[in-house]
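Chain residues, written in single-letter form:
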Amino acid sequence: MTDSFAVRGACLHTPAPDRVEAWPDALIEVHAGTIAAVHPDAPAGVSAAYEASGQLVHLAPRQMLLPGLVDLHIHAPQFPNLGTALDLPLEQWLQDYTFPLEARFADAAYAAGVYEDLVGTLLANGTTTAVYFATIHLPATQKLAETCLRRGQRAFVGRVAMDHPDSCPAFYRDESADAAVAQTRALIDHVRALPGNAGLVRPIITPRFIPACTDELLHALGALAAEAGCHVQTHCSESDWEHGHVLSRCGCSDTEALHRFGLLTANGVLAHGNFLGDADLARIRSAGAGVAHCPLSNAYFADAAFPLRAALEKGVRVGLGTDIAGGAHPSLLDSARMAVTASRMLETGVDPAVAAAARGRPGSRIGTSEAFWLATAGGAEVLDQQTGLFRPGYAFDALLLDPANPDSNLRLDPAEPAARRLERIVHTAGRPDIAAVWVGGRKVHGRVGNASERGG
Ligand code: GUN
Ligand code: FE
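Residues numbered from 1 in each chain as written. Chains lettered and ligands numbered in written order. Predicted model: local features only at pLDDT ≥ 70, side-chain atom pairs only at ≥ 80, totals over all residues. Heavy atoms only, no water.

Caption draft 1: Representation of the pattern of salt bridges within the structure. Applying the stated criterion to the full structure yields 18 salt bridges. Across the pair E116 and R151 runs a salt bridge, and its minimum N-O distance is 2.8 Å. Taken as a pair, E116 in helix α3 (residues 108–124) and R151 in helix α4 (residues 138–151) lie far apart in primary sequence, 35 residues in all. Residue classification places R151 among the partly exposed residues on the basis of a relative accessible area of 25%. Three or more residues joined by partner-sharing salt bridges are found here, namely E256, R260, D280 and R283. (Salt bridge = Lys/Arg side-chain N within 4 Å of Asp/Glu carboxyl O. Helix = DSSP H or I, 4+ residues; strand = E, 2+ residues; numbered from the N terminus. Buried < 20%, exposed > 50% of the residue type's maximum accessible area, 1.4 Å probe, protein only.)

If you want it as structure tokens, here you go:
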């Protein structure tokens, strides 16, 4: 079979938040982009058969295969601001930096250049599934979807809806709720009809957040989500300002308001969620939605750390997001290590002037295997995508870690226990360590030597 190949070598994944599974010499068989079989101990005969037909990718001794990363929250048009403009509170940051930048995407040629650079950058960082907010512009958003499809990135692409005249400037808002819905519908139809798109790239309904949308628009998008059977994404209970704004306008929390609008749906992605209370978490869980935890962005814009441990204990689905460009790092491994760090700071508290016993929230920490699970299988569960694990029936979305690269900060000792090696990976791996990336069996970045053309 020409669209079959196998990868042999060291593999590691996290089938559960507290479970690291590592195989020193596994064989993963891939048929038509999907994992057909996983052999924890590579059987010599099967391996030899793939080798004989030139369909074996045999990893070098220090290389390791990991599942691809699932980034649940990216603002694609904010990429040009990456690493800058982090000095204002959210409500002012949007008006002064973000809306003027996003308005530039009325120019589809400008958008095409930015999106090409962004998708390539994220793939090189190992992000095999990406959930994007684009802008209000249909042609530019179509370009983003087309770019993901051509480059081979699994993606959910949303045309941002925002029509509220009190929160959105005249130069960057939908002209009416009807226009926003019509353009959202057009994006859904366009993405679903893209030639060669067999579900790799999907549309997602994207009200920016409640403050930016009229009730009329929110109701209409809720109805459209049900009619079109689309995922939904929005920002939810992010900061004191945003949380307070929704409480005073709607008389309830974000999740309850979203529920009333028909926007709290199964596999919906709620970004941030720092101010979610117990009732909100219960509502999210029963709706089957999930949270995109963006720990780095939260440090700048949220006024608080997300109570991740509490959300996980309540059975809420959670994955990670970079929140480019509210978060200044494109690598989801950075989000994973920041999730660990933020949870530790929440646990101990941060103000030395406060007595130790009153300073933090005991029991808040998460470990590195949990952080890696969030970045892979956890994010995939939020979206209901079969990726993030090496398991038969799952998409072969993977990255090849190669610490032999002279630019690497990663020191891996095969004699160390798997959990310890994963700890090193989460804390020190980055783009220079990622030698190759596959999505749905297609090699979308890098090279792995002679057999490297397999799957690409
Ligand atoms: N809330 C509404 N829009 C945005 C945005 O672009 N970034 C973040 N972090 N929060 C938002
Ligand atoms: Fe965001």
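Caption draft 2: Focus on unusual backbone geometry. Of note, the amide linkage connecting I324 to A325 takes the cis form, showing an omega dihedral of 0°. Relative to the elements of secondary structure, A325 occurs in the loop between β14 (317–320) and α12 (332–348). The backbone phi angle of A85 is positive, close to 60°, even though this residue is not glycine. Mapped onto the fold, A85 is located in the loop between β6 (69–75) and α2 (90–103).

Caption draft 3: View of the coordination of the iron ion (ligand 2). Looking at the iron ion (ligand 2), one finds its protein donor set to be H73 (NE2), H75 (NE2), H235 (NE2) and D323 (OD), positioned 2.1 to 2.3 Å from the metal centre. Around the iron ion (ligand 2) sit four donor atoms, and with donor-metal-donor angles ranging over 85 to 177° the site reads as irregular. Taken in chain order, the donor set of the iron ion (ligand 2) reads H-x1-H-x159-H-x87-D. With H73 in strand β6 and H235 in strand β11 (residues 231–236), the pair connects residues that are 162 residues apart, well separated along the chain. Given a relative accessible area of 1%, H73 falls into the buried group. The exposure class of H235 is buried, given its relative accessible area of 7%. (Donors = N, O, S within 2.8 Å, 3.2 Å for Na, K, Ca; no water. Tetrahedral: all angles 85-135°; square planar, octahedral: opposite > 155°, others 65-115°.)

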